[in-house]
Amino acid sequence: QVQLVESGGGLVQPGGSLRLSCAASGSIDRFYAMGWYRQAPGKQRELVASINSRGNTYYVNSVKGRFTISRDNAKNGVYLQMISLKPEDTAVYYCNSAPSGSQPWGQGTLVTVSS
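Predicted, not measured: the structure shown is a model, and the values here were computed from it.

The rules behind the values
Residues numbered from 1 in each chain as written. Predicted model: local features only at pLDDT ≥ 70, side-chain atom pairs only at ≥ 80, totals over all residues. Heavy atoms only, no water. Helix = DSSP H or I, 4+ residues; strand = E, 2+ residues; numbered from the N terminus. Core = buried A, V, L, I, M, F, W, Y, C linked by side-chain atoms within 4.5 Å. Buried < 20%, exposed > 50% of the residue type's maximum accessible area, 1.4 Å probe, protein only. Salt bridge = Lys/Arg side-chain N within 4 Å of Asp/Glu carboxyl O. Pairing = 2+ DSSP bridges. Axes fitted to C-alpha atoms, helices over the stretch in contact; angles between N-to-C directions. Phe/Tyr/Trp six-rings, centres within 6.5 Å; stacked < 30°, edge-to-face > 60°.

(A) Unusual backbone geometry, seen in detail. The amide bond that connects A98 to the next residue, P99, takes the cis arrangement and shows omega of 5°. Looking at the secondary structure, you find P99 in the loop between β9 (91–97) and β10 (109–113). Although it is not a glycine, N76 adopts a positive phi angle of roughly 55°. Residue placement: N76 occurs in the loop between β7 (67–72) and β8 (77–82). For S84, which is not glycine, the phi torsion reads 50° and is therefore positive. Position of S84 among the secondary structure elements: in the loop between β8 and β9.

(B) Geometry of the nonpolar core. If you look at the biggest cluster of nonpolar residues, it comprises 29 residues, and the most contacted ones within it are W36, F67, I69, L80, M82 and Y93. Top contributing element to this core by residue count: strand β3 (residues 18–24), with 4 residues.

(C) A look at the pattern of salt bridges. Going through the model one piece at a time under the given rule, you end up with 3 salt bridges. Here D89 makes a salt bridge to R38, at a shortest N to O gap of 3.0 Å. Placement of the pair is D89 in the loop between β8 and β9 and R38 in strand β4 (residues 33–39), with a sequence separation of 51 residues. For the pair formed by D89 and R38, the shared burial category is buried. Of the charged contacts, one joins D89 and R66 as a salt bridge, the two residues approaching to 2.7 Å between their closest N and O atoms. Taken as a pair, D89 in the loop between β8 and β9 and R66 in the loop between β6 (57–59) and β7 lie far apart in primary sequence, 23 residues in all. The residues D89 and R66 share a single accessibility class, namely buried. One connected set of salt bridges, linked through shared partners, spans R38, E46, R66 and D89.

(D) Expanded view of the sheet that holds strand β5 (residues 46–52). As summarised here, the arrangement of the 6 strands in space is β2-β10-β9-β4-β5-β6, forming an open sheet in which the pairing is mixed. Edge positions in the sheet fall to β2 (10–12) and β6, since each of these pairs with one other strand and no more. Strand after strand, the sheet turns through a mean of 20° between neighbouring axes, direction not considered. When β4 meets β5, the two strands line up antiparallel, connected through 6 bridges. Opposite A33, over in β5, you have N52 as the bridge partner.

(E) Main features of the packing of aromatic side chains. Considering all chains together, one arrives at 2 aromatic pairs under this definition. Ring geometry for Y37 against W105: centres 5.0 Å apart, planes inclined by 85°, an arrangement best described as edge-to-face. A residue pair is termed long-range when its members are at least 10 positions apart, and Y37 in strand β4 and W105 in the loop between β9 and β10 qualify at 68 residues. Residue Y37 is classed as buried on the basis of its relative accessible area of 4%. We classify W105 as partly exposed; its relative accessible area is 32%.

Function cannot be inferred from these measures alone, as they are strictly geometric.
Put into structure tokens, the structure is as follows:
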């Protein structure tokens with residue numbers, strides 16, 4: 001198992017941008033895919049983006065064209081660049097293996113999109 005620590009969240013106005021980072025305590029090479037998930041208040045956690053070892057990506061329809069996921073195996077890091085943020089993007093964001101989230105969940109990082 002690896003520990004996952006997310007950072008980079010904050011309060012941003014609609015239309016703004018944020019870059020989230022995830023640091024893993026061990027190698028992420030063992031995971032075929034890594035993903036970013038989010039959980040909005042009162043809703044279930046959902047996978048919003050993933051990237052596999054070949055660099056192939058998946059995005060949920062609601063974030064396509066606005067979010068970009070990347071990974072750096074040498075640094076055991078996973079990143080999520082978010083632009084054109086909307087109020088409905090407000091949630092706690094987590095990283096984990098994809099698509100099942102097999103590792104212990106970190107504390108996540110809160111993204112609040114509000115004017």
